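# Descriptive structure summary
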Amino acid sequence: MIEDQTADSEFVGENALRPQSLTEFIGQEVVREQLITVLSAAQAQQRAADHILFSGPPGLGKTTLAMIVANETGARLRITSGPSIQHGGDMAAILASLAEGEVLFIDEIHRLSRPVEEMLYLAMEDRRIDIVIGKGPGATAVPLELPPFTLVGATTKSGALPAPLRDRFGFTAHMDFYDESELAQIIRQSAMRLSVAIDDAAVELIAKRGRGTPRVANRLLARARDLAVVEKAGKIGLDSAERAMKLFGIDALGLDRMDLLVLNTLSSLLPGQAMGLKTLANQIGESSETVEDAIEPYLLRCGLIIRSSRGRQLSDLGRQHLGL
């Protein structure tokens, strides 16, 4: 599945909160400065920007930066994802339809199949793909030249990308969690776009519970806004923000029900015991991928769990947080 978006398109929903340019983008200062250099050089030389890979945990702005790349270059953006491209023919159809200078964004690029990856090698390096016509001994490969384009990939598992594909990206950026001051700026920016008044104390509270992730912080802001609307309050104050966090099960560290379920599951282990990823996932009723990619990174960052070759364990901090 491919979604087309032009550089001047108006987004709705979550996209309405996304910054549209690098000057509006908050946080990730090193990545932002590097990206400014890469895009500025391409524009000065009147060429398509180098292929770009963004890696890091979910919700840190990888998709937003892909949209900004298209906006900054004035190019049309094509959006797809690794799981939706099952066969080499699907990838060939996408690449063959690209116009000069377009930006192709592939989310979860680490989940591409091997035939699709191999097709990308030629497309990224030589701007060419081979179209196979016919079957069996009589099949022939017809080369198809591609116009200059920019591939932007996003992955939560850069280590899962094969080296030949990873090496073909001209610029690779790893995105880190945001600090509370950066999240506070993002919350204020989002509140302005939502036309919501909010106290500084409420901003700080949401930033502390935002898990270092803009997507989470914006979601918490939206829930606090909902409560303020229901209570017919003119703005989001500290009290209403605290009530919203309690209502939606967000604790002082920003942990939600699933995070606490993981901690409580690990708390049942005897001293010295560890629990494997699959066992833990089965215990809480989630997939191993969800536990590893969406839940564990923040728990590890907070020092609440320990991950080793033997499995997962609850740390001393984790036990203290549970009041054990």
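Rules behind the numbers
Residues numbered from 1 in each chain as written. Predicted model: local features only at pLDDT ≥ 70, side-chain atom pairs only at ≥ 80, totals over all residues. Heavy atoms only, no water. UniProt positions renumbered as here; feature names shortened; annotations may be inferred. Helix = DSSP H or I, 4+ residues; strand = E, 2+ residues; numbered from the N terminus. Buried < 20%, exposed > 50% of the residue type's maximum accessible area, 1.4 Å probe, protein only. Contact = heavy atoms within 4.5 Å. Axes fitted to C-alpha atoms, helices over the stretch in contact; angles between N-to-C directions. Parallel < 35°, antiparallel > 145°, perpendicular 65-115°, else oblique. Nonpolar A, V, L, I, M, F, W, Y, C, P; charged D, E, K, R; others polar. Expected span 1.5 Å × (residues − 1). Arc of directions from axis to C-beta. Core = buried A, V, L, I, M, F, W, Y, C linked by side-chain atoms within 4.5 Å. Domains from an automatic or database assignment. Pairing = 2+ DSSP bridges. Right-handed = clockwise from strand over helix to strand, strands pointing away. Salt bridge = Lys/Arg side-chain N within 4 Å of Asp/Glu carboxyl O.

As recorded in an unreviewed UniProt entry, the protein goes by the name Holliday junction branch migration complex subunit RuvB, listed as coming from Candidatus Rhodoluna planktonica. On record in UniProt, under Subcellular location (unreviewed entry), the comment for the protein is "Cytoplasm". Recorded under Sequence similarities (unreviewed entry), the UniProt text for the protein is reproduced unchanged: "Belongs to the RuvB family."

### A word on the UniProt feature "binding site: Mg(2+)" (unreviewed entry) in the protein
Under the UniProt annotation, the feature "binding site: Mg(2+)" (unreviewed entry) is placed at T63. Tracing the backbone shows T63 in helix α2 (residues 62-73). Assessed through its relative accessible area of 18%, T63 is described here as buried. Excluding residues that lie within four positions of it along the chain, T63 makes contacts with R18, F105 and D107.

### Topic: unusual backbone geometry
Positive phi values are uncommon outside glycine, yet Q28 reaches one of about 50°. The topology assignment puts Q28 in the loop between β1 (3-5) and α1 (29-44). Phi at K232 takes a positive value of approximately 60°, unusual for a residue other than glycine. If you trace the backbone, K232 turns up in the loop between α8 (214-230) and α9 (238-247). On the basis of relative accessible area, K232 is assigned to the exposed category, the value being 77%.

### Quick notes on the packing of helix α7 (residues 200-208) against α9
Where α7 meets α9, the closest approach of the two axes is 8 Å, and the angle between their N-to-C directions is 25°. Judged by the inter-axis angle, α7 sits roughly parallel to α9. Packed against α7, whose contacting residues are A201, A202 and L205, the element α9 presents L238, A241, E242 and M245 at the interface. Classifying every residue of the contact of α7 with α9 gives 6 nonpolar, no polar and 1 charged.

### A word on α1
Each α-helix winds once per 3.6 residues, and so residues spaced three or four apart point in a common direction. The first and last C-alpha atoms of α1 sit 22 Å apart over 16 residues, in line with the 22 Å expected at 1.5 Å per residue. Listed in full, the buried residues belonging to α1 are V31, R32, L35, V38, L39 and A42. Within α1, the buried residues cover an arc of 130° as seen down the axis, which keeps them to one side. The exposed set on the far side of α1, more than 90 degrees from its buried face, consists of V30, T37 and A44. Note on α1: the residue one or two positions beyond its end, Q46, has a positive phi of about 55°.

### Digging into the nonpolar core
Of all hydrophobic cores here, the largest spans 53 residues; its most connected members are L35, F54, L65, V152, I187, I198 and I236. For this core, the element with the highest residue contribution is α8, accounting for 7 residues. Shared between two domains, this core takes at least three residues from each, and those domains are domain 1 (17-174) and domain 2 (180-248). Beyond its immediate chain neighbours, meaning those up to four positions away, V152 contacts I52, F54, A66, V69, V103, L104, F105 and I106.

### Let's talk about the environment of S308
Looking at the element boundaries, S308 is found in strand β9 (residues 305-308). The exposure class assigned to S308 is partly exposed, which follows from its relative accessible area of 32%. Considering only alpha carbons, one finds S308 and G276, 32 residues apart in sequence, at a separation of 9.5 Å.

### Notes on the side chain of T213
Mapped onto the fold, T213 is located in the loop between α7 and α8. Owing to a relative accessible area of 6%, T213 belongs among the buried residues under this scheme. Setting aside residues no more than four positions away along its own chain, T213 makes contact with P58, G59, L60, F177 and L183.

### Notes on the pairing of strand β3 (residues 77-81)
Buried residues dominate β3, accounting for 4 of its 5 residues. The sheet contact formed by β3 and strand β4 (residues 103-107) spans 5 bridges and is parallel. Across the sheet, the residue bridging to T80 is I106, located in β4. In this region the chain leaves β3, passes through helix α3 (residues 88-96) and returns to the parallel neighbour β4; the handedness of that crossover is right-handed.

### Observations concerning the pattern of salt bridges
Per the stated rule, a full pass over the model turns up 20 salt bridges. Taking the shortest distance from any N to any O, the salt bridge between D293 and K157 comes out at 4.0 Å. A residue pair is termed long-range when its members are at least 10 positions apart, and D293 in helix α12 (residues 288-301) and K157 in the loop between β7 (150-155) and α5 (163-166) qualify at 136 residues. On the accessibility criterion, K157 (25% relative accessible area) is partly exposed. Across the pair E231 and R243 runs a salt bridge, and its minimum N-O distance is 2.7 Å. One end of the pair, E231, is in the loop between α8 and α9; the other, R243, is in helix α9, and 12 residues separate them in sequence. Given the relative accessible area of 40%, R243 is considered partly exposed. Three or more residues joined by partner-sharing salt bridges are found here, namely E29, R32 and E33.

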